[in-house]
Amino acid sequence: MNVVLFGFMGTGKTTIGKRLAQRLGWTCMDMDEILEQREGRSIADIFATDGEAHFRMLEKDLAAELAHGTRQVISTGGGVVLDPENVRRFQASGFCVCLHADEDTILRRVAAKSHRPLLEQGDKAARIRALLHQRKPLYDQIEHQIDTVALSEDKIVEELAGITGRTDASVPAPPLSGAAGLSERVKHRETS
Ligand code: S3P
């Protein structure tokens with residue numbers, strides 16, 4: 001059993017992943033951090049020197065490796081969904097959740113940062129809008145969805161820890177009430 005966090009840049013995968021791993025006593029695996037450590041250079045350097053295709057290859061190899069592990073909270077990079085094989089592998093390896101935020105929130109969260117090569121090509125807001133539009137169907141295919149704007153980090157971590165505690169590797173994830181799954185359920189709780 002693993003928990004795999006998907007989502008666009010700036011949706012909080014790294015922060016939530018670290019907190020959830022600590023809460024569960026599991027290993028935190030942040031894909032970008034691991035790649036940077038192994039390569040001895042930043043993601044921006046990998047893109048600049050060897051190109052995006054090379055980065056995607058490294059990312060895919062790492063996804064395959066991590067999918068074999070257990071009791072890990074895996075924070076993926078935002079583009080991991082571009083390769084359907086990555087998604088299939090992670091879906092077979094654990095509980096998959098996609099974190100969401102609206103365009104304005106994402107822009108606010110990433111505005112002062114310059115380490116994401118895909119957002120450094122022209123106007124950040126326009127890049128975010130275009131990439132979000134392009135990737136929406138890919139994020140939507142993930143079974144469980146969480147709105148990170150409506151919920152506090154504490155609530156998200158507690159909710160995910162609770163679900164994980166009730167789920168083990170041999171049992172499929174419990175059905176979530178509400179058409180949109182987790183986010184619906186949590187929203188309902190928030191307002192009731
Ligand atoms: C990317 C997201 C980044 C990083 C790389 C490419 C993407 O990770 O993997 O810059 O294609 O969305 P974060 O989502 O952690 O920022």
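I will try to describe carefully the structure that is included in this document. Fair warning: this is a prediction, and the values are worked out from it, not measured in the lab.

Cut-offs used in this document
- Residues numbered from 1 in each chain as written.
- Predicted model: local features only at pLDDT ≥ 70, side-chain atom pairs only at ≥ 80, totals over all residues.
- Heavy atoms only, no water.
- Salt bridge = Lys/Arg side-chain N within 4 Å of Asp/Glu carboxyl O.
- Helix = DSSP H or I, 4+ residues; strand = E, 2+ residues; numbered from the N terminus.
- Buried < 20%, exposed > 50% of the residue type's maximum accessible area, 1.4 Å probe, protein only.
- Arc of directions from axis to C-beta.
- Contact = heavy atoms within 4.5 Å.
- Core = buried A, V, L, I, M, F, W, Y, C linked by side-chain atoms within 4.5 Å.
- Axes fitted to C-alpha atoms, helices over the stretch in contact; angles between N-to-C directions.
- Parallel < 35°, antiparallel > 145°, perpendicular 65-115°, else oblique.
- Left-handed = near helix turned anticlockwise from the far one by under 90°.
- Nonpolar A, V, L, I, M, F, W, Y, C, P; charged D, E, K, R; others polar.

1. Examining the pattern of salt bridges
Step number 1: The full count for this structure, using the stated rule, is 15 salt bridges.
Step number 2: One salt bridge in this structure joins Lys60 and Glu85, with 3.0 Å as the shortest N-O distance. One end of the pair, Lys60, is in helix α4 (residues 52-66); the other, Glu85, is in helix α5 (residues 84-93), and 25 residues separate them in sequence.
Step number 3: Overall, the relative accessible area of 21% leaves Lys60 in the partly exposed class.
Step number 4: Residue Glu85 is classed as partly exposed on the basis of its relative accessible area of 29%.
Step number 5: In this structure, Asp140 and Lys136 form a salt bridge, with 2.6 Å as the shortest nitrogen-oxygen distance. A residue pair is termed a helical-turn pair when its members lie 3 or 4 positions apart in one helix, as Asp140 and Lys136 do in helix α7 (residues 124-140) at four residues.
Step number 6: Exposure remark for Asp140: the relative accessible area of 38% places this residue in the partly exposed category.
Step number 7: For Lys136, a relative accessible area of 49% puts it in the partly exposed group.
Step number 8: It is possible to trace a salt-bridge network through shared partners that takes in Lys60, Asp83, Glu85 and Arg89.

2. As for helix α3 (residues 43-50)
Step number 1: Three or more residues of α3 are buried, namely Ile43, Ile46 and Phe47. Axial view of α3: buried residues confined to an arc of 95 degrees, hence all on one face. Turned more than 90 degrees away from the buried face of α3 sit Ala48 and Thr49, all of them exposed.
Step number 2: Looking at the buried residues of α3, the elements they touch are α2 (31-39) and α4.
Step number 3: Looking one or two places after α3, you find Gly51, whose phi comes out positive at around 90 degrees.

3. Things to note about the nonpolar core
Step number 1: Counting residues in each nonpolar core, the largest one holds 33 residues, and the members touching the most others are Phe6, Phe8, Met31, Leu66, Phe90, Ile106 and Ile128.
Step number 2: At the level of elements, β1 (2-7), α2, α3, α4, α5, β4 (95-100), α6 (103-110) and α7 are the ones that each hand at least two residues to this core.
Step number 3: If you tally residues by element for this core, the top one is α4, at five residues.
Step number 4: Sequence-distant contacts of Leu66, that is, excluding residues within four places in its chain, are made with Asn2, Met29, Met31, Ile34, Gln72, Ile74 and Phe90.
Step number 5: By size, the runner-up hydrophobic cluster in this structure holds 19 residues, among which are Met1, Leu5, Leu99 and Leu160.

4. Let's talk about the packing of α2 against α4
Step number 1: Running from N to C, α2 and α4 cross one another at 110 degrees; their axes reach a closest spacing of 11 Å. Taken together, the axes of α2 and α4 are roughly perpendicular relative to one another. Of the two possible hands of crossing, α2 and α4 adopt the one that is right-handed. Side by side, α2 and α4 meet where Met31, Asp32, Ile34, Leu35, Arg38 and Glu39 of the first sit next to Phe55, Leu58, Glu59, Leu62, Ala63, Glu65 and Leu66 of the second.
Step number 2: Of the residues belonging to the contact of α2 with α4, the class tally is eight nonpolar, no polar and five charged.

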